Amino acid sequence: MGNAGFARLQELDKQFHIHPFTNHPEMHAEGTHIITRAEGCSLWDETGRRLLDGLAGLWCVNVGYHRTEIIEAVREQMERLPYYCSFFNTTNQPAIELSEKLASMAPGRLRHTLYCSSGSEANETALKLIRAWNRLRGRSAKNKILSRTFSYHGVTLATASLTGLPTVNAPFDLPLPGFIHVPGPNDYAARTPLSAEAYGRWCVEETAKTIEREGADTIAALFVEPIQGAGGVIVPPPGYLAALRRLCRDNDILFVADEVITGFGRLGRNFGSEVWDLDPDIMTLAKGITSGYLPLGATMVSDELAADLLKPGYLAHGFTYSSHPTCAAAALANLKVLEADRLVERVRDDVGPYFQQKLRGFVGHPAVGEARGHGLIGALELLPPGGRAALKPDMALGARAAKIARGEGVIVRGIRDLIAMSPPFVISREEIDQLFAAVGVTLDKLWR
Ligand SMILES: Cc1ncc(COP(=O)(O)O)c(C=O)c1O
């Protein structure tokens with residue numbers, strides 16, 4: 001397609017297309033980017049320019065773009081059975097095989113899966129199952145939900161209420177009643193004199209106080225991302241998650257691991273719950289389950305929960321696309337690629353440590369306040385000239401840096417005053433060098 005063709009598409013986009021999480025006047029003033037194709041860790045835009053995707057789409061294209069194994073599996077499934085529902089005592093082969101596969105991979109007691117099409121729906125499903133479970137046990141009053149500041153759990157009414165970000169809550173008059181935010185362990189944002197570990201202990205104490213104030217018999221569950229992703233890549237300090245897990249157990253509060261980003265290898269283990277030995281009662285999944293090739297979400301529950309929920313009879317929850325055969329086929333092929341190419345081990349032993357080493361190479365850079373990460377996810381907190389004292393609300397250094405980085409040929413995510421990165425697992429050391437070289441130039445330009 002020539003320039004005139006793209007200009008027409010951009011005009012049509014402006015007229016008819018509402019984008020997610022976008023400042024439309026700004027975008028319309030500058031013009032929309034159109035991604036035309038992708039391969040490995042590279043994207044090409046309307047100008048024919050190659051961009052290195054340092055974010056794996058939206059933290060999801062873990063096996064990289066254009067894996068023919070997934071494309072072929074989807075094509076074959078589409079030809080045989082593109083769609084059929086799992087209502088009416090019916091199902092399909094890929095959904096069955098995927099459920100068995102997930103049961104064999106998942107940590108601890110999680111062996112039963114209910115499917116949907118996104119991370120938001122996976123968490124929404126978890127919320128409904130939790131409500132139903134407590135109702136069945138005659139304790140409908142145990143229905144409040146805890147989540148943490150800086151968490152991201154989705155955008156439906158209930159999951160946006162879980163999400164602990166004012167930018168997601170405030171424009172919609174959320175959270176809904178019954179959703180309570182306790183402090184997430186973001187010691188950097190808190191500007192606390194405490195060490196990260198001591199701040200983590202304070203966060204657990206505050207959570208305990210909240211439980212005591214509200215009454216444990218009114219609190220159903222706590223939702224936890226092992227690493228808080230979209231809230232700014234917040235890595236839990238030592239001891240923090242274990243203490244939080246214990247607190248839930250002691251108060252008969254269900255522990256839900258939201259592994260939408262951390263699931264399927266980004267931290268060098270199949271699940272973040274394994275890294276911190278969380279033994280969740282419920283785990284929610286999406287993104288990396290298909291590496292983003294097709295939409296699929298999953299809510300996994302323990303044997304105990306499944307037994308209680310399924311025994312009484314009719315379970316009135318599920319979607320048209322629950323257990324979608326083509327999405328399940330994409331997931332099975334994606335998990336096969338992960339195993340055949342030993343990509344989780346690659347994150348654990350090779351590119352993960354190398355990525356972290358390069359990330360931490362920016363510690364001490366005058367434009368960097370903190371470098372943090374784990375496996376193949378990381379963030380740099382940015383500083384203006386004058387350092388932290390000169391930081392002002394709404395400086396949006398992250399968005400400014402992400403724009404400069406794009407000009408340098410790499411995609412990173414700008415969040416508040418930080419940039420986040422989570423490249424595909426197939427990224428090479430040379431591409432990691434390229435990513436961080438561009439980040440280095442970006443930091444210099446940010447200060448110019
Ligand atoms: C941890 C986490 N949970 C849930 C979601 C929501 O997923 P979706 O955008 O597929 O609804 C996201 C999306 O980024 C996420 O990072």
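Note that the coordinates shown come from a computational prediction; the quantities given were computed from them, not determined experimentally.

The rules we used
Residues numbered from 1 in each chain as written. Predicted model: local features only at pLDDT ≥ 70, side-chain atom pairs only at ≥ 80, totals over all residues. Heavy atoms only, no water. Domains from an automatic or database assignment. Contact = heavy atoms within 4.5 Å. Buried area = accessible area lost by both parts, 1.4 Å probe. Salt bridge = Lys/Arg side-chain N within 4 Å of Asp/Glu carboxyl O. Core = buried A, V, L, I, M, F, W, Y, C linked by side-chain atoms within 4.5 Å. Buried < 20%, exposed > 50% of the residue type's maximum accessible area, 1.4 Å probe, protein only. Phe/Tyr/Trp six-rings, centres within 6.5 Å; stacked < 30°, edge-to-face > 60°. Lys NZ or Arg CZ within 6 Å of the ring centre and 35° of its normal. Pairing = 2+ DSSP bridges. Helix = DSSP H or I, 4+ residues; strand = E, 2+ residues; numbered from the N terminus. Axes fitted to C-alpha atoms, helices over the stretch in contact; angles between N-to-C directions.

Please provide a residue-by-residue account of the domain arrangement of the protein, values included.
The domain boundaries assigned to the protein delineate domain 1 (33-63 + 342-446) and domain 2 (69-340). Taking only C-alpha atoms into account, the centre of domain 1 sits 26 Å from that of domain 2. Across the contact, 34 residues belong to domain 1 and 36 residues belong to domain 2. In this assembly, domain 1 packs against domain 2 so that about 2,700 Å² is buried in total across both faces, 58% of it on carbon and sulfur atoms. Summed over the shared surface of domain 1 and domain 2, the result is zero salt bridges.

Summarise the nonpolar core; cite the residues concerned and give the values.
Side chains of a nonpolar character, in soluble globular proteins, are inclined to be buried together. Residues L98, F264, L380, V412, M421, F436 and V439 are the most contacted members of the largest nonpolar core, which totals 62 residues. Split by domain, this core shows at least three residues from each of two domains, domain 1 (33-63 + 342-446) and domain 2 (69-340). Among the nonpolar cores identified, the runner-up in size contains 20 residues, and L162, F223, I282 and V301 belong to it.

Tell me about the packing of aromatic side chains, residues and numbers included.
By the definition in use, this model includes eight aromatic pairs. Aromatic side chains Y83 and Y84 sit 6.5 Å apart centroid to centroid with 40° between the ring planes, which places their arrangement in the tilted category. Using a relative accessible area of 30% as the deciding quantity, one classes Y83 as partly exposed. With relative accessibility at 36%, the residue Y84 sits in the partly exposed group. Three or more aromatic residues joined by ring pairs form one cluster here, namely Y83, Y84 and Y321. Its end group placed over the ring of W44, R37 keeps NZ or CZ at 4.0 Å from the ring centre. Just above the ring of Y188 sits the side chain of R388; from NZ or CZ to the centre is 3.8 Å.

Can you tell me about the sheet that holds strand 12 (residues 377-382), naming the residues and giving the values?
Strand order in this open sheet of four strands is 11-12-15-14, and the pairing throughout is antiparallel. The open sheet has two edge strands, strand 11 (368-374) and strand 14 (413-415), and neither has a second partner. For this sheet, the mean angle separating the axes of adjacent strands, direction not counted, is 20°. Two elements, strand 14 and strand 15 (residues 418-421), share three bridges in a ladder whose sense is antiparallel. Bridge assignment links I415 to a residue of strand 15, and that residue is L418. Strand contacts of helix 16 (residues 397-407): strand 12, strand 14 and strand 15, with the helix running at about 165° to strand 14, the strand carrying the most contacts. Helix 17 (residues 429-446) contacts strand 11, strand 12 and strand 15 of the sheet and is inclined by roughly 170° relative to strand 15.

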